[in-house]
Structure formats: structure tokens, C-alpha cells
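Structural characterization, general
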Amino acid sequence: QSALSQPASVSGSPGQSITISCSGTSSDVGRYNLVSWYQQHPGKVPKLMIYEVSKRPSGVSNRFSGSKSDNTASLTISGLQAEDEADYYCCSYAGSGTGVFGGGTNLTVL
Amino acid sequence: EVQLVESGGGLVQPGGSLKLSCAASGFTFSDSAIHWVRQAPGKGLEWVARITRKTYNYATTCAASVKGRFTISRDDSRNTGYLQMNSLKTDDTAVYYCTRDPGTAGADWYFDLWGRGTLVTVSS
């Protein structure tokens, strides 16, 4: 199972919106609505930000939103804040009881 | 407090074995699926293995990279999950995280609670 494809880095200025893509195949992202997104600050434990493509856990800011089109999922962060600077990972169910993560995207807030 | 606490990591030689534990507290452990996710130094996250809850027959699966070497298990009476790692390779060096999956459908494939991780170093 190959890792999902994410851009290595994205950047944006405070207040702007950015979108991180997560490209998979018709066997994972395209087939199941089981895509989740995680935020990881340096030296910290990953935190769930989005699950089942577009659902937000309690306590996660509504500035974070998720979507999917065909084999590509996306995480959008609106009203960018300095605290959003972190690594972001997507994850998808890949069938047969297995999962796959993306390679991760480093977000820089300029 | 709702938490997962991993233990059992350490330094092991290539070809050796190690058993990681994941102690849960503050929630009904038996209602959740459990996954192990690892992160090599400076690298991204990698899904390793999953075990469902009893309702789904404690079904287990693992990544191709560890198949035949790693075994996931759980003891609901002890609120503890395990990862038995055999025939370890240098590529297995990573922080291993235990994670909770609500498991309402066997496994929901999202991880809403993470432990702090335990470091496994495979080196001679």
C-alpha cells in the first residue's frame, strides 16, 4: 500500500486560507468516506482535526474543514493563525482492514 | 483522566523481539478498536496494526511492512493493548503510538485519542 500523496509544504499569511491536498486512488480515498486529518506540532502527539472526510471533533475550531472529490481529499484552514503552524497528515481506510497515511505537509504561517 | 500510556520500548538488536503495552484509563476500553501507528525519527506517520473490539471478534490486521513479524492483541480485563514485535529490523526504529478508534463499525478508521508514544530503537 503506497502512502497517500501530500505536498511537502504549504504556506500562508495570517488571516488567509490554505488548502492541503491528499491524493490517493480508487482503492482508498476514492472508495471510502473514511478520510481523517491530524495536526502535529513539533515534539507533540498528533491531534485529530477532521474525520469521515468532513466531520469535526468537538473542540476543533470551525476554521478547519474537510472535503473530498474523486480520489483526492482536502483540508482547508481559513483565517490562518500562527498556532496553525504544524505538520498535517491525512489518513484513509484502504480496504481489507488496512489504513494508509499521507507523507505529511508542513504548514508555515508567514 | 482519559488516556493511553504506552510502555515497553527500548534498544534491541536486529533480529530481536520486543513487546509493547498500551494501558487505557478513563474510558470503556472494550468499546473501542485499537491501532498502533509509528513514526520514524524525522519522518511521517505510518499505520501499523489494528484490533477490533469483541463485538467484531477481535479481528486483527497489520501493514504489509510488518506482516508475519508483528502481532497485535488486547486484554479487555486489563484495559491493555499489546504489540508483539519479532524479527526486528533497523527500519522498525520509530516512536510507536497506541491510538483509540471509536470502533462503532468494527473500526471507524480515525484516531481520536493518542498515547505519548514509546521509542523503539533497533540497532547493533
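See the structure printed just above.
Calculation rules
Residues numbered from 1 in each chain as written. Chains lettered and ligands numbered in written order. Predicted model: local features only at pLDDT ≥ 70, side-chain atom pairs only at ≥ 80, totals over all residues. Heavy atoms only, no water. Helix = DSSP H or I, 4+ residues; strand = E, 2+ residues; numbered from the N terminus. Buried < 20%, exposed > 50% of the residue type's maximum accessible area, 1.4 Å probe, protein only. Lys, Arg positive; Asp, Glu negative; His and termini not counted. Salt bridge = Lys/Arg side-chain N within 4 Å of Asp/Glu carboxyl O. Polar contact = N/O pair within 3.5 Å; in protein donor to acceptor, adjacent residues only side chain to side chain. Contact = heavy atoms within 4.5 Å. Pairing = 2+ DSSP bridges. Axes fitted to C-alpha atoms, helices over the stretch in contact; angles between N-to-C directions. Phe/Tyr/Trp six-rings, centres within 6.5 Å; stacked < 30°, edge-to-face > 60°. Lys NZ or Arg CZ within 6 Å of the ring centre and 35° of its normal.

What follows is about the side chain of B:Arg53. Residue and element names in this part refer to chain B. Within the secondary structure layout, Arg-53 lies in the loop between β5 (45-51) and β6 (60-62). No salt bridge is formed by the buried Arg-53. Its closest oppositely charged neighbour is Asp-31, at 4.5 Å. In terms of polar contacts, Arg-53 uses its side chain to reach the backbone carbonyl oxygen of Asp-31, at 3.5 Å. Ignoring anything within four residues of it in the chain, the contact list for Arg-53 reads Ser-30, Asp-31, Ser-32, Ala-33, Tyr-58, Arg-74, Gly-103 and Thr-104.

For the rest of this paragraph, the subject is the sheet that holds strand β7 (residues 70-75) of chain B. Residue and element names in this part refer to chain B. The antiparallel open sheet is built from 4 strands, whose spatial order is β1-β3-β8-β7. Each end of this open sheet is capped by a strand with a single partner; those strands are β1 (3-7) and β7. Averaged over all pairs of adjacent strands, the angle between strand axes in this sheet comes to 15 degrees, irrespective of strand direction. For strand β3 (residues 18-25) and strand β8 (residues 80-85), the ladder comprises 6 bridges, and the chain directions are antiparallel. Each residue of the ladder has a partner; that of Ser-21, found in β8, is Tyr-82.

Residues and elements named next belong to chain A. With respect to the secondary-structure elements, Thr-19 resides in strand β2 (residues 18-23). When its relative accessible area of 45% is taken as the criterion, Thr-19 is described as partly exposed. Beyond its immediate stretch of four places on either side in the chain, Thr-19 contacts Val-10, Ser-74, Leu-75 and Thr-76.

With that settled, consider the packing of aromatic side chains. A full pass over the atoms with the stated rule returns 12 aromatic pairs over all chains. Here A:Tyr38 and B:Phe111 contribute two aromatic rings whose centre-to-centre distance is 5.8 Å and whose plane-to-plane angle is 20 degrees, an arrangement assigned as stacked. Of this pair, A:Tyr38 sits in strand β3 (residues 35-40) while B:Phe111 sits in the loop between β9 (94-101) and β10 (113-114), placing the two residues on different chains. Taking relative accessible area as the criterion, B:Phe111 reaches 0% and is therefore assigned buried. When the ring of B:Tyr97 is compared with that of B:Trp114, the centres are 5.5 Å apart and the planes differ by 75 degrees; the resulting orientation is edge-to-face. Note that B:Tyr97 is positioned in strand β9 and B:Trp114 in strand β10, a separation of 17 residues in sequence. Exposure remark for B:Tyr97: the relative accessible area of 6% places this residue in the buried category. Here B:Trp114 falls in the buried class, since its relative accessible area comes to 9%. Sitting over the ring of B:Tyr82, B:Lys19 keeps its end group 4.6 Å from the ring centre. The ring of B:Phe29 has B:Arg74 lying over it, and the distance from NZ or CZ to the ring centre is 4.6 Å.

Right, let's talk about the sheet that holds strand β6 (residues 72-77) of chain A for a bit. Residue and element names in this part refer to chain A. Read from one edge of the open sheet, 3 strands run β2-β6-β5, paired in antiparallel fashion. Taken across any chain shown, the strands that pair with only one partner, and hence form the sheet edges, are β2 and β5 (64-69). Sheet twist, expressed as the mean angle between neighbouring strand axes with direction ignored, is 20 degrees. As defined by bridge partners, β2 adjoins β6 across 6 bridges and the pair is classed as antiparallel. Across the sheet, residue Ser-21 finds its bridge partner in β6, namely Ser-74.

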